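Structural features, examined
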Amino acid sequence: MTALLSVQNLTLHRGSRRILDDVSFDVPKGGTLALVGESGAGKSTIAVALMGLLTRAEASVEGKAILEDTGDLFTLRPRAWTRIRGRRLAMIFQDAGAALDPCYTVGGQIVSTLRRNLGLSRKAARARAVELLESVGIPDAAARLGAYPHELSGGMQQRVMIAIALSGNPALLFADEPTSALDVTIQAQIMRLILDEVRAHGSSCIFVLHDLALASQSCDEVVVLYAGQVMEAGDAKTLLSDPRHPYTALLKSCVLEIGTAELTPPEGSVPSYDAMPAGCRFATRCPNALPRCAGEKPPLVPRDGRNVACWNPVGVPKAEAA
Amino acid sequence: MFRFIAGKVFQTLFVLFLVSVASFTLLKLAPGDPIEIALGNEYSEEAHQDMLAELGLDRPVVEQYVTWLADFVRGDWGTSYTARADIFTYAFVEALPVTLTLAVFALGLAILIGVPLGVLSAVKKDTLWDAGSAAFALTGTAFPSFFLGIVLIWVFGVKFAMFPVMGFVAPWEDFWGGLYHMVLPAFTLSTYFMAMIVRLTRANLVEALESPYIAAARARGEPGWRVVWVHGVRNILMPLVTIIGLQLGVLLQGAVLTETVFSLPGAGQMITNAVLNREYGIVQAGIMMTATLFVLVNLAVDLAYPILDPRLRPSR
């Protein structure tokens, strides 16, 4: 599969803090990829940076993000970004209730998006808006156009967000924790809906998730992040069933399965960005840490069918690892 | 919706009743004898009694209040003791429109300049633009209006002779003439307000621009100006309108000084003179007009809330 988007050595500073450290991954065309990690790992920041939604004052970006037919996203001027967003790139936000403007009706927000991005007439945009709302499973869609966001339930709000995001037929969709603000009963429905819609539109999708199990069930590929560094990346099933990186193994152990006696919470917490080790940032909590880990950053190298950045991987004999 | 409006109107009427009682009572308690002022130092006991009866001051206070209120509502506001002029004509027909014109122009100027400056400041946060507009706002707040008025008169009225420095031309008779005469007084009165609006707009907009719906609007490809004005500013109208409504009293206070500096025959000057002369009728008329205006503006603000924020509309 050719890559739709190739992120190369993405590094991002906020002041003196290195929020993202040399992040690289490819998004396959028509495929789904999940960025997985704890909160603060930088997964949302990656999505926001790739959407061009960081302000200059907020952060400085190094590296490249090559989008097919467009080139390096980080060299785009503001006007070019405006043309790409909503048409080639789109985003679904964590809290749809907060991401829809409370002052405008649902219909108004979809119709204006359709008119701007697809150049439709008011009438055509209205008709298309009804179709879109129906396709994401909103009953009585024509009547809902006049509703304000606060008049809809959380699940309905997220469906509206999905309809808006897909209205411009984007090549790449970002879904930033699309279900974590929803009731558990709705979560699976919304996840299913996004996957179906993405497939129907032939789009690629980058999910931002904190749940490794959900990520490996839903996505083709997984990138495991810790404190702004890529720990392990590759095929979703492989990573979950047979992790090589101690951090992936730790995340896996946090998933509570039926029959498991007790959940053992991991020790320690993510170090502050002001006091990061120079090498592997997971070194301070890693059960497999070697003396060299904190000082020397392991490169992301192919091993057993995935990429892993570790001096002392799990399930590899000592002699081979060294 | 009807219940909401009716409730607000009822509240307003109740506040107006309290205001009328208060303004009536306060002036009854005020020291100084209006009859002495009207008749001079030497007068006969008979003339005193006649004057008391003529003015109804010999009646019980409650009756005086009811009579006064009934007359007031009918537009019979009595006669000025000293000027021997009809107070309704003097206060409502002549003085009030001058003050209203001044206030409307000042408010308009404050909004037209203050909001865009505040938006600029918020969008260009922590840049020279922001610092410049903060400096402007600080100067505007710190400068006393009587001093600014005098400076403006000297610079634009005397030195460059660009604008008239006194007198009032009704804009509904001669719009451009009225506007021309209002430039300096309206600017003088508006600076404090303008500064407040700049800071208010900036503070609220900076916060609003960090909201998820702003990121979402940008994410679906809306151009920057649209994101700021259509989504950002639309969402801060509520605090903006609230504060502007509440601060209108300050604007009316400022009108007194501005009218004095620019010799405008408005309600502010009228009330000042009436207090100095202990003219009950005029002071009462002034208080009632000002208070009514203030209360009506607040009613308008209350009624505007559901228009400004759909979440406050009664559910269908």
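Here the structure is a predicted model, which means the values were calculated and not measured. (Residues numbered from 1 in each chain as written. Chains lettered and ligands numbered in written order. Predicted model: local features only at pLDDT ≥ 70, side-chain atom pairs only at ≥ 80, totals over all residues.)

**What about helix H9 (residues 212-219) of chain B?**
The buried fraction of H9(B) is high, at six of eight residues. Those residues of H9(B) that sit buried are Tyr213(B), Ile214(B), Ala216(B), Ala217(B), Arg218(B) and Ala219(B). The inward-facing, buried residues of H9(B) abut strand S6 (89-92) and helix H3 (96-99) of chain A together with helix H8 (175-208) and helix H10 (224-246) of chain B. (Buried ≥ 20, exposed ≤ 12 C-beta atoms within 10 Å, placed from the backbone. Helix = DSSP H or I, 4+ residues; strand = E, 2+ residues; numbered from the N terminus. Contact = placed C-beta atoms within 7 Å.)

**Things to note about the interface of chain A and chain B**
Contacts between chain A and chain B engage 24 residues on the former and 18 residues on the latter. Sorting the residues of the side of chain A that touches chain B by element identifies helix H2 (78-84), S6, H3 and helix H4 (106-118) of chain A as the ones contributing at least two each. Per element, the largest residue contribution to the side of chain A that touches chain B is three residues, and it comes from H4(A).

**A closer look at the packing of helix H6 (residues 128-142) of chain B against H8(B)**
Residues and elements named next belong to chain B. The geometry of H6 relative to H8 is characterised by a closest axis approach of 7 Å and an angle of 145 degrees between their N-to-C directions. Crossing geometry of H6 relative to H8 is assigned as left-handed. Contacts between H6 and H8 involve Ser 133, Phe 136, Ala 137, Gly 140 and Thr 141 from the first element and Thr 191, Tyr 192, Met 194, Ala 195, Val 198 and Arg 199 from the second. Looking at the contact of H6 with H8, its residues break down into six nonpolar, four polar and one charged. (Axes fitted to C-alpha atoms, helices over the stretch in contact; angles between N-to-C directions. Left-handed = near helix turned anticlockwise from the far one by under 90°. Nonpolar A, V, L, I, M, F, W, Y, C, P; charged D, E, K, R; others polar.)

**Details of unusual backbone geometry**
One non-glycine residue, Asp304(A), lies in the positive phi region at around 50 degrees. Mapping Asp304(A) onto the fold places it in the loop between strand S11 (301-303) and strand S12 (306-308). A count of 12 C-beta atoms within 10 Å places Asp304(A) in the exposed class. For Ser263(B), which is not glycine, the phi torsion reads 50 degrees and is therefore positive. The residue Ser263(B) is located in the loop between helix H11 (248-261) and helix H12 (267-277) in this model.

**Observations concerning the packing of H9(B) against H10(B)**
Residues and elements named next belong to chain B. Between H9 and H10, whose axes approach to 10 Å, the crossing angle comes to 145 degrees. The element H9 and its partner H10 pack so that their crossing is right-handed. In this structure, H9 contributes Tyr 213, Ile 214, Ala 217 and Arg 218 to the contact, and H10 contributes Val 227, His 231 and Gly 232. Class assignment for the residues of the contact of H9 with H10 results in four nonpolar, two polar and one charged.

**Here we look at helix H11 (residues 246-253) of chain A**
Within H11(A), the full set of buried residues consists of Pro246(A), Tyr247(A), Thr248(A), Leu250(A) and Leu251(A). Looking at the buried side of H11(A), the elements it contacts are helix H9 (212-218), strand S9 (221-226), strand S10 (229-235) and helix H10 (236-241) of chain A.

**Brief notes about the environment of Thr191(B)**
By the secondary structure assignment, Thr191(B) is in helix H8. The class of Thr191(B) is buried, set by 27 C-beta atoms lying within 10 Å.

**Observations concerning the confidence of the model for chain B**
Residue and element names in this part refer to chain B. On average, residues of chain B score 87 in pLDDT, and 97% of them are at 70 or above. Summarising per-element confidence for chain B, the mean pLDDT is lowest in helix H2 (residues 34-39) (70) and highest in H9 (95). Both scores are available for the predicted complex, with the pTM at 0.86 and the ipTM at 0.89. (pLDDT = per-residue confidence, 0-100.)

**A word on the sheet that holds strand S1 (residues 3-14) of chain A**
Two orientations exist for strands paired in a sheet by backbone hydrogen bonds: parallel and antiparallel. All names here are of chain A. Ordered by their spatial adjacency, four strands build an open sheet running S2-S1-S4-S5, and the pairing between neighbours is antiparallel. Unpaired on one side and paired on the other, strand S2 (17-28) and strand S5 (71-72) mark the two borders of the sheet. Bridge analysis of S1 against S2 gives eight bridges, and the strand direction is antiparallel. Looking at the pairing, Val 7 lines up with Phe 25 of S2. Across the sheet, helix H1 (residues 43-50) touches S1, S2 and strand S4 (60-67), and the angle it forms with S2 is around 70 degrees. (Pairing = 2+ DSSP bridges.)

**A closer look at the pairing of S9(A)**
Side-chain positions along a regular strand alternate between the two faces of the sheet. Residues and elements named next belong to chain A. Burial of S9 is extensive: six of the six residues sit out of reach of the surface. Along S9, one buried face is formed by Glu 221, Val 223 and Leu 225 and the opposite face, lined by Val 222, Val 224 and Tyr 226, is buried too. Examined bridge by bridge, strand S3 (residues 32-36) and S9 share four bridges and lie parallel to one another. Counterpart to Ala 34 in the pairing with S9 is Val 222. Of the strand pairs in this sheet, S9 and S10 are connected by six bridges, and their pairing is antiparallel.

**A word on the sheet that holds S11(A)**
Residue and element names in this part refer to chain A. In spatial order, the strands read S6-S7-S8-S3-S9-S10-S12-S11; together these eight strands make up an open sheet with mixed pairing. Each having just a single partner strand, S6 and S11 make up the two edges of the open sheet. Within the sheet, the average angular offset between the axes of one strand and its neighbour, ignoring direction, is 20 degrees. As paired strands, S10 and S12 are joined by three bridges and run antiparallel to one another. Considered in S12, the bridge of Glu 232 is made with Val 308. Sitting on the sheet, H1 is in contact with S3, S6, strand S7 (172-176), strand S8 (204-209) and S9, with an inclination near 145 degrees to S8. The sheet contacts of H11 involve S9 and S10, and relative to S9 the element is tilted by about 100 degrees.

**Here we look at the nonpolar core**
Val36(A), Met161(A), Val222(A), Val223(A), Ala91(B), Leu102(B) and Ala106(B) are the most contacted members of the largest nonpolar core, which totals 155 residues. The element that contributes the greatest number of residues to this core is helix H5 (residues 87-123) of chain B, accounting for 16 residues. Those residues in contact with Val222(A), other than ones at most four positions away along the chain, are Ala34(A), Val36(A), Ala215(A), Ser216(A), Ala233(A), Ala236(A) and Leu239(A). (Core = buried A, V, L, I, M, F, W, Y, C linked by C-beta atoms within 7 Å.)

**Quick word on the environment of Ala99(A)**
Looking at the secondary structure, you find Ala99(A) in helix H3. On the basis of neighbour counts, which here come to 27 C-beta atoms within 10 Å, the residue Ala99(A) falls in the buried class. Once residues lying within four places of it in the same chain are set aside, the contact partners of Ala99(A) are Phe93(A), Met161(A), Pro212(B), Tyr213(B) and Ala216(B).

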